[in-house]
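Working through the structure, step by step
Spelled out from the first residue to the last, the chains are:
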Amino acid sequence: MVTTVDTAPLLEMSGIRKSFPGVQALSDVSLRLHRGEVLALMGENGAGKSTLIKTLGGAHQPESGTIVIDGSPVDLSSPMAAIAAGIGVIYQEFNLIPALTAWENIFLGREQTGLFVDRSTERQRAAALFERLGVDVPLDIPSRQLSIAQQQLVEIAKALSQDVRILVMDEPSAALTPQEVDKLFAIIRELRSQGIGIVYISHRLDEIFEIADTITVLRDGQHAGDAPTSEMTRQQLIELMVGRSIENEFPKHPAEIGDSRLVISGLCRGSTVKNVSFDVRRGEVLGLTGLVGAGRTDVVRLIFGADTRDGGQITLDGKALNIRSPRDAIRAGVCLLTEDRKSQGLVLCRSVRENFGLPSVRHLSAFGVMQQRQERTAFSAFVDSLSIRIPHQEQPARNLSGGNQQKVVLAKWLQVNAKVLIFDEPTRGIDVGAKHEIYQLMNDLTAQGKSIIMISSELPEVLGMSDRILVMHEGRISGEISDVPTTTQEELIKLAIN
Amino acid sequence: MNDSKPLRWKALANDYGMVLVLLILIAAFSVLTLERQSSTGSDAGRVVARNIIAAHGTSGTVVVVAGLKPPDERFLREAKEALEAGGVTVAAIVGGKPADARRTIERVLLEGHSIDAIAATGDAAKWSIYDRFESVGSNKCVSAAPALWPTFAKSENVLNVANQTAIYAIIAIGMTMVIITAGIDLSVGSLVALAAVATAVFIRDVGEGTQTGTGLMIAGCCVGIGVCALAGIFNGAMITRLGIPPFITTLAMMLMARGLARRLSNELSIQALPASFTWIGGDTTFGIPNPVILMITLYGIAHIVMSRTVFGRYVYAVGGNAEAARLSGVPVKRVIVIVYTLCGALAGLGGIVQASKLGSGDPKLGLMFELDVIAAVVVGGTSLMGGEGRIFGTLIGAFIIAVIKNGMNLMKVGAPEQQIVLGAVVLLAVLVDTLKRRGTAL
């Protein structure tokens, strides 16, 4: 053996530039990935991570810059070209056909055909792929019946079936439970040992320090820095991403907690919510946690009138509410920030201003006519106070980054001036800076005497921001924690898995 | 942070691109139909009078001759005034056919006048009757030089195009709203027939046929529109309560409404209508056809409703993302029912205008209207995916289609070729929309 170390990178991107109308998304970005390495691509929303990986996936063409794989330059002019170059990208939104089975999805577009599709060979190859991953995924049911984690495994298997050498994963852990994340990491380590280079994007800093070998940070479309994970502290990473220093990740300022405000009793719906009773007090942040599928979202959707409840009473400030639709709930002073902002929170093709005004048209109109000046002024105030980055109020919501979209949704609910705000995963897929701003906002709201119910899967967040925590398991409340500061993550997990 | 200029420009191009297309079409057809027009109208009248005074002085005797069209009337009036102002004796004016002119000239000669000149429009000067009189002869005709002017841009033709477009455009208002909610309404063509027949039957049976008074006639129109609004409510209820796709619901309504119209009328065209019934569809106000005035008024109202009111905001939100709209407190089902009701009612109104124009309630009215109306909406830039579109875009779209049809008619393009062109235009409009979308998607 010679002493030449394997320093020739597997992937080298340099001088990548890309702009969109009105936005310089990437300017002179470079990235270097070696064989058998996990690279964490970090940055706030709008920093250019998505654009960069779409460039790798062949969905965007850069205006300048070179991409070299294994020493030879490649032209990633289409998704097909990227696959041919050995790059697999697993986007946050999966590309599975819901009606097809796992193995049909894996070989979609590359069916092994003689005269007919060779089903048995395909099925066997799919089974072999899952075996290689060391997981068990039902092969013969439609993908829509698979859990999020299983769907993700199908995506990974699909990439492996295309002989990828570089696997890009955009927020793969966002929708997974802690156990599922552990399994995912085991798979990533296995792939790494097979020499595959992995680009991993996540907003959860804990994960980065657990799985990544090196970190590359983008800020405002530029290369902000990179280093081996071992040489970077959490604090340094946050500062690189945000561009300024942040002292406290969870800036909780407890407000004065008053009387019981929203009282829920005997809430139930089918097998998803079973006899749930609790209350929220004035000025309180009530954390609601548990595994995905434990019924947390189902409970708040019943309170908000998004689904019909089989039974149960809802009382607000001593008055029984008859909530039968979200419209009723909003009028009564209860609002729900949904976990999926793209499909439930925003009308993507309409302007951010229209989205903002939608739930509060009653206050922003006179005799059925919208008072657009009033609406514009009200929104401007939120644009400033929440530092929403938009070029224009008429900008369609779809053109915004995730963090800015979430802030528009927040602004829309703040304008309603509700008494009880329900936040379902308010910081999912949002960068550190924006998270911090949302936490500050929660402090402001509770200081005004408002009540917040916060659903979150991120245990540090639940422990860091809640005054009281409810844990759910299989549609029931399995535990209540009043003394939050002395509680550990392990205790929460124990309650969640019962 | 609030207003930035570049976006404004882009929005301008997006919003007014179709207007530009329409203007280009108008300019193109104007050039293509440029031809020598027969000189008539008030300008020609003045020119003719001036020439006669120049040739014969102020002592002559003149007969003024023209045809029957509105510009001919203006020619007669203007020429007579100008001649008399110049001191010339106008022995007679004739607006009519060659035979009328012959009789008048005969009478004037019999009365003992000698005719020094005949002031005629370009067409009237070509008549052969003058040579029958020894003392007259066609060489005494004076007419203005023919002007070069596009047939397409003649005021009668422009009003004609507007008048023909009006019915489609009125129905297309409702269709635009429906399509913005990501729906479709295939029943509008049949509802045109249903409204026409229901109104005619009401006037015939409840009123007194041709002797029906204004009150009962208006009641009849309300019945026609009301029946169609009910059909719209039915469509909306099927879609929102039972979850039947709009395509299927309105396809069924298209069949049912047509059948109902045929049964109600016993498959006959109902003619027993009062003469005043033709006012809304056949008459003019200040020279503008009433359907055009109705169309402009309705578009003004619809524009304000869609761009300024809570209801308009709700319609766009429902089409853009019904679930997000519902979770934002929008009464989604109610909005959808109202939209289909409005669409039905406007189709009913279109049916009454059409019946009024033709003076009869015919169960065969409005055949295939739904396709022309949908084409106008799509050409006008409304997305079939919902959530996007503009009311005035639809008006422009309706006019683009009407202008192309009319221009091709004037150029004597055959009906089959016209269909091919119109199909291509619809495809092109959607293609432009698709490309635009791809260009702006980040």
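Residues numbered from 1 in each chain as written. Chains lettered and ligands numbered in written order. Predicted model: local features only at pLDDT ≥ 70, side-chain atom pairs only at ≥ 80, totals over all residues.

The next subject is helix H17 (residues 489-497) of chain A. Residue and element names in this part refer to chain A. Looking at H17, one finds that the buried residues are Leu492, Leu495 and Ala496. What you see down the axis of H17 is that its buried residues fit within an arc of 100°, all on one side. Taken together, the buried residues of H17 touch strand S13 (285-290), helix H16 (459-465), strand S21 (468-473) and strand S22 (476-481). (Buried ≥ 20, exposed ≤ 12 C-beta atoms within 10 Å, placed from the backbone. Helix = DSSP H or I, 4+ residues; strand = E, 2+ residues; numbered from the N terminus. Arc of directions from axis to C-beta. Contact = placed C-beta atoms within 7 Å.)

Below, the discussion takes up the environment of B:Ala347. Tracing the sequence through the fold places B:Ala347 in helix H14 (residues 332-358). For the pair B:Ala347 and B:Arg263, spaced 84 residues apart in sequence, the C-alpha to C-alpha distance is 19 Å.

Within the secondary structure layout, B:Val48 lies in helix H2 (residues 41-56). Setting aside residues no more than four positions away along its own chain, B:Val48 makes contact with B:Ala79, B:Ala119, B:Val142, B:Ser143 and B:Ala144.

All names here are of chain A. According to the domain assignment, chain A consists of domain 1 (11-242) and domain 2 (260-497). Contacts between the two partners involve 14 residues from domain 1 and, on the opposite side, 18 residues from domain 2. For the side of domain 1 that touches domain 2, the leading source of residues is helix H8 (residues 234-242), giving three residues. Of the residues assigned to the side of domain 1 that touches domain 2, the class counts are six nonpolar, five polar and three charged. (Domains from an automatic or database assignment. Nonpolar A, V, L, I, M, F, W, Y, C, P; charged D, E, K, R; others polar.)

Turning to the sheet that holds strand S19 (residues 420-424) of chain A, a few remarks are in order. All names here are of chain A. Read from one edge of the open sheet, six strands run S16-S19-S20-S13-S21-S22, paired in mixed fashion. Where the open sheet ends on each side, the last strands, each with one partner, are strand S16 (334-337) and S22. Averaged over all adjacent pairs, the angle separating strand axes in this sheet is 20°, with direction ignored. Sheet analysis places S19 next to strand S20 (residues 451-455), joined by five bridges and oriented parallel. (Pairing = 2+ DSSP bridges. Axes fitted to C-alpha atoms, helices over the stretch in contact; angles between N-to-C directions.)

Let us now look at the pairing of strand S4 (residues 117-120) of chain B. All names here are of chain B. Burial of S4 is two-sided: the residues Ala117 and Ala119 facing one way and the residues Ile118 and Ala120 facing the other way are all buried. Summarising the sheet, strand S2 (residues 61-66) and S4 pair through four bridges and their orientation is parallel. Within S4, the position partnered with Val65 by the bridge is Ala120. Examined bridge by bridge, S4 and strand S5 (residues 141-142) share two bridges and lie parallel to one another. Residue pairing across strands places Ile118 opposite Cys141, the latter belonging to S5.

On the side of chain A, 32 residues touch chain B, which itself brings 28 residues to the contact. At the level of elements, helix H1 (5-32), helix H12 (310-320) and helix H13 (322-327) of chain B are the ones that each hand at least two residues to the side of chain B that touches chain A. The dominant element in the side of chain B that touches chain A, judged by the number of residues it contributes, is H12(B), at six residues. Split by residue class, the side of chain B that touches chain A holds 13 nonpolar, nine polar and six charged.

As a further point, take the sheet that holds strand S7 (residues 166-170) of chain A. All names here are of chain A. The six strands are arranged S6-S7-S8-S3-S9-S10 in an open sheet whose pairing can be described as mixed. Where the open sheet ends on each side, the last strands, each with one partner, are strand S6 (87-90) and strand S10 (222-228). For this sheet, the mean angle separating the axes of adjacent strands, direction not counted, is 15°. Sheet topology places S7 next to strand S8 (residues 197-201); five bridges connect them, and they run parallel. Directly across from Met169, in S8, lies its bridge partner Tyr200. Packed onto the sheet, helix H6 (residues 178-193) meets strand S3 (38-42), S7 and S8 and runs at close to 150° relative to S8. Helix-sheet contacts for H8 involve S3, strand S9 (214-219) and S10, and the interaxial angle to S9 is about 30°.

As a further point, take the packing of helix H7 (residues 188-205) of chain B against helix H9 (residues 246-265) of chain B. Residue and element names in this part refer to chain B. Contact geometry for H7 and H9: axes closest at 8 Å, N-to-C directions at 25°. Relative to H9, H7 is oriented roughly parallel. The element H7 and its partner H9 pack so that their crossing is left-handed. Along its contact with H7, which presents Gly189, Ser190, Leu191, Ala193, Leu194, Val197, Ala198 and Val201, the element H9 presents Met254, Ala257, Arg258, Leu260, Ala261, Leu264 and Ser265. Across the contact of H7 with H9, the residue classes break down as eleven nonpolar, three polar and one charged. (Parallel < 35°, antiparallel > 145°, perpendicular 65-115°, else oblique. Left-handed = near helix turned anticlockwise from the far one by under 90°.)

A:Ile422, B:Ile171 and B:Leu194 are the most contacted members of the largest nonpolar core, which totals 177 residues. With 70 residues, the next largest nonpolar core counts A:Ala102, A:Ile196, A:Leu218 and A:Ile238 among its residues. (Core = buried A, V, L, I, M, F, W, Y, C linked by C-beta atoms within 7 Å.)

All names here are of chain A. Positive phi, close to 55°, is recorded for Asp70, a residue that is not glycine. Take Asp70: it is sitting in the loop between strand S4 (64-69) and strand S5 (72-73). According to the C-beta neighbour criterion, Asp70 is partly exposed, with 15 such atoms within 10 Å. Despite not being glycine, Asp220 shows a phi value in the positive range, around 50°. Tracing the sequence through the fold places Asp220 in the loop between S9 and S10.

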